[in-house]
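# Architecture and fold: a report
Here's the letter readout for the chains.
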Amino acid sequence: MDRKKSYKGWEEKASKELHDKSLEDHFWETPEGIKVKPLYTEEDLEKINHEIGLPGLPPYTRGPRATMYTNRPWTIRQYAGFSTAEESNKFYKEGLKNGVMGLSVAFDLATHRGYDSDHPRVLADVGNAGVAIDSIEDMNLLFDGIPLDQMSVSMTMNGAVIPVLASFIASGEEQGCPREKLTGTIQNDILKEFMVRNTFIFPPKPSMRIVADIIEYTSKKMPRFNSISISGYHMQEAGANQVQELAYTLADGKEYIKSALERGLNIDEFAPRLSFFWSIGMNFFMEIAKMRAARYMWSKIVKEFKPKNDRSLALRTHCQTSGVSLVEQDAYNNIVRTTIEAMAAVMGGTQSLHTNSFDEALALPTKFSARIARNTQLIISEETGICNVIDPLAGSYYVESLTSSIVEESQKLINEIDEVGGMVKAIEIGIPKMRIEESSAKRQARVDSNEETIVGVNKYKPTEKQEINILSIDNEEVRKRQISRLHELKKTRNSKNVESFIEKIKNAASSNGNLLEICIEASKNRCTVGEMTLAMESVFGRHNLSTKTISGVYKNTVKNDGKIDIIDNELSKFLNKKGRRPRMLVVKMGQDGHDRGAKLIATAFSDLGFDVDIGPLFQTPEEAAKQAIENDAHVIGVSTLAAGHKTLVPLLMESLKNNEASYIKVICGGVIPPDDYPFLYDLGVSKVFGPGTNIQEAAIEIINLL
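Report on the accompanying structure. (Residues numbered from 1 in each chain as written. Predicted model: local features only at pLDDT ≥ 70, side-chain atom pairs only at ≥ 80, totals over all residues. Heavy atoms only, no water.)

Another aspect to go through is the overall build of the protein chain. Looking only at helices and strands, one finds 28 helices and 16 strands in the protein chain. Taking 2.2 N^0.38 as the reference for a compact globule, 706 residues should give roughly 27 Å; the C-alpha atoms of the protein chain span a radius of gyration of 26 Å, in line with that estimate. Across its three principal axes, the protein chain shows a C-alpha extent of roughly 85 × 75 × 50 Å. Looking at the 706 residues of the protein chain, the share that counts as buried comes to 58%. Here the analysis covers contacts within the protein chain between residues at least 6 apart in sequence; of these, 79% occur between residues at least 24 apart. Entry remark: accessible area of the protein chain is about 28300 Å², with carbon and sulfur atoms responsible for 49%. (Helix = DSSP H or I, 4+ residues; strand = E, 2+ residues; numbered from the N terminus. Rg over C-alpha atoms; globule rule 2.2 N^0.38 Å. Buried < 20%, exposed > 50% of the residue type's maximum accessible area, 1.4 Å probe, protein only. Contact = heavy atoms within 4.5 Å. Areas by Shrake-Rupley, 256 points an atom, 1.4 Å probe, with all protein chains shown as cover.)

See the structure below:
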């Protein structure tokens, strides 16, 4: 067949169907800047720049295992942590009875930041958004009756990674499972924390030393355990497009390899136990191609370090469906979104998967919603026939072309990182953070302009209210129980042994001793997570992040459909009346480091003409009130994602009142259950904005409030 003649014939037919419009008008440009044609043919396969290969063989484009799901499906995980160790333990056991094959532990923010539950800075954080772990005693309760020699355990932990992993290893041994038999993954990806998630504790240099300590220890003594899960997930959650997520995650991986090699390890000692973690969003084919590109590119990156074992070249990954794609409005639509994203993860060749629950834009998942999320994976695995064929999309004209485009665009970003001296240097300069925040602002502008459709949010909006049962955690009750357990621990343990191990940790931090090895013994002797962290902090210090925002991106991207003119007009009236523009202080209180929403609001409102200040991360309500008064703010915008609003907002209102500053308006935005809105309004909060709020409409409402 004459391919050129056939293609010309198609162009003629397509042109008639399009009423003689140009085919160029039907090209689509992704947020990453990749041009997508309406039709791909076999000619496009001749232009690809990656090797397709075979599964289980380098460069592993088609998967890290030769038989993939035909022999063994991916591991179904449920990422969860509920208030106390006892409650989480019940949830895990229920999941294991119903098809879950591995546990993924979500820790509360107090634990992430290395604070014990009795610390004054974590009033609102204990047991919210995860399980509270203060010591080996909590870890023992968490895995009570769950055989750790048979169960793979994944732990999302980075800041307090040493004391938490140490407590897990010590708990396993007290259960009768020696460390060499423990299987699972510790995230241990601190570079990503400095870019987006912000649950760091120590400065970058000692943090990287901790990563190397863990890689070194596990490679020698825990052969079945993954020492690091290099995570792009939180980058996409913070607003990164898929090319940014891929490039910066692989660049992080290169940095960890260098760090381990500097420790004197051989590449083949640790590279086979490195793993990755991707977010899977709604751009179906882009996500599939991203995972294939990642395996190809990682194989090439690791090859530069001259491994002798082919397993060192294979990228293995866990995936999680996107949290950002979940919306409060018409929330049952989230079940469909999660299903589509789960399909993309599977078609892309993941090794394990967590599916989000549909109600997570409102609160923590209930047992009902978690069951739907879990069954989504079981249905895909057991009812669709997808597991019967390895990499079924290989050779697709479109998928292979898209894979090559992603390789090309990602390599440009990796080259940019290499040119400044690697990822640590790039983070210090602020390159990845700036690029991700630009991407986030552009995406919000597209949604606000209706250029990107979100069903139920900016198109096909529901006309009736949905009643959804949500899970509520009594944070104060959880905190009391944790503090009581801490006091009991401190009464019954050997204080001299504790003091001795605290000194040993300080000495190891000051020298070259392996911190994980020492903290395992410290944990067995009932040193707490907070005490071990504080011992390291006394040597390393606690890191603080300077808060910067970008400007111009939102306003230059959003379409003016008349709302901006209204805002400009209202701001002019305000200026004429008050002599200055409205001033907003955007704050994040408590230990929640997810600052995408706060940064987005600060950036967009500044672009729209407000004077905007943004508070430092991890503020107390008293510190936020003081800053608002000193900055002469008209309004405080509270950004909250981690269920701390019922504790923190009352304290903020009280602090404003005590300082005779109740005239400052307070608004709240983020993941707040609709049932909590009346509580906040009764406190005196002026307005509550949920996920999916149009920023321009919110700006008009706030000007009217003032």
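Right, picking up where we left off after that structure.
Looking now at the pattern of salt bridges. Counted under the stated rule, the structure contains 49 salt bridges. Taken together, the shared-partner salt bridges connect Arg209, Asp213, Glu216, Lys220 and Arg263 into one network. (Salt bridge = Lys/Arg side-chain N within 4 Å of Asp/Glu carboxyl O.)

Moving on: the packing of aromatic side chains. When we look at a pair of aromatic rings, we describe it by the centre distance and by the angle of the planes. Within the structure shown, the criterion is met by 15 aromatic pairs. With a centroid separation of 4.8 Å and 70° between ring planes, the pair formed by Phe276 and Trp298 is classed as edge-to-face. Placement of the pair is Phe276 in strand E9 (residues 274–280) and Trp298 in helix H12 (residues 284–303), with a sequence separation of 22 residues. Just as Phe276 is buried, Trp298 falls in that class too. Ring geometry for Phe605 against Phe610: centres 4.9 Å apart, planes inclined by 70°, an arrangement best described as edge-to-face. Aromatic rings pair up to connect Tyr40, Phe284, Phe285 and Tyr398 into one cluster. (Phe/Tyr/Trp six-rings, centres within 6.5 Å; stacked < 30°, edge-to-face > 60°.)

A word on helix H13 (residues 333–348). With 16 residues, H13 extends 23 Å between its outermost C-alpha atoms, agreeing within 8% with the 22 Å of an ideal straight helix rising 1.5 Å per residue. For H13, the complete set of buried residues consists of Asn334, Arg337, Thr338, Glu341, Ala342, Ala344, Ala345, Val346, Met347 and Gly348. For H13, the elements touching its buried residues are E9, H12, strand E10 (317–321), strand E11 (352–354) and helix H14 (367–383). Taken from the residues just after H13, Gly349 is the one with a positive phi, measuring 95°. (Expected span 1.5 Å × (residues − 1).)

The alternating pattern of strand E4 (residues 102–105) places Gly102 and Ser104 and Leu103 and Val105 on opposite faces, both of which are buried. Relative to strand E5 (residues 152–155), E4 runs parallel, the two sharing four bridges. Its bridge partner lying in E5, Val105 is registered against Met155. (Pairing = 2+ DSSP bridges.)

It is worth spelling out the environment of Val122 at this point. Tracing the chain through its elements places Val122 in the loop between helix H4 (109–112) and helix H5 (136–142). The buried category is assigned to Val122, whose relative accessible area is 0%. For the pair Val122 and Gly644, spaced 522 residues apart in sequence, the C-alpha to C-alpha distance is 9.8 Å. Excluding residues that lie within four positions of it along the chain, Val122 makes contacts with Ala110, Tyr115, Asp116, Ser117, Arg479 and Gln591.

The subject of this paragraph is the side chain of Thr355. With respect to the element layout, Thr355 can be found in the loop between E11 and H14. Here Ala373 takes part through its backbone oxygen, which lies 2.7 Å from a polar atom of the side chain of Thr355. A polar side-chain atom of Thr355 sits 3.2 Å from a polar atom in the side chain of Gln377. Sequence-distant contacts of Thr355, defined by excluding residues within four places in its chain, comprise Arg77, Thr321, Thr338, Ala342, Ala373, Arg374 and Gln377. (Polar contact = N/O pair within 3.5 Å; in protein donor to acceptor, adjacent residues only side chain to side chain.)

Moving on, we come to the sheet that holds strand E16 (residues 687–689). Pairing is parallel in the open sheet, where five strands are placed in the order E13-E12-E14-E15-E16. Two strands close off the open sheet at either side, each with one partner strand: strand E13 (611–614) and E16. With strand direction ignored, the average angle separating the axes of adjacent strands in the sheet is 20°. With six bridges joining them, strand E14 (residues 635–640) and strand E15 (residues 665–670) adopt parallel strand pairing. Across the sheet, the residue bridging to Val638 is Cys668, located in E15. Strands in contact with helix H24 (residues 596–608) are strand E12 (583–587), E13 and E14; relative to E13, the strand with the most contacts, it is inclined by about 160°. In this fold helix H26 (residues 645–658) packs onto E14 and E15, with an angle of close to 165° to the strand it touches most, E14. (Axes fitted to C-alpha atoms, helices over the stretch in contact; angles between N-to-C directions.)

Here the focus is helix H3 (residues 85–97). Residues lying three or four places apart along an α-helix face the same way, a consequence of the helix completing one turn every 3.6 residues. Counted at 1.5 Å a residue, the expected span for H3 with its 13 residues is 18 Å, and the 18 Å between its end C-alpha atoms agrees. Within H3 the residues assigned to the buried category are Ala85, Ser88, Asn89, Phe91, Tyr92 and Gly95. Taken around the axis of H3, the buried residues stretch over an arc of 165°, which confines them to a single face. Away from its buried face by more than 90 degrees, H3 exposes Lys90 and Lys97. Of the residues one or two after H3, Gly99 is the one with positive phi, at around 105°. (Arc of directions from axis to C-beta.)

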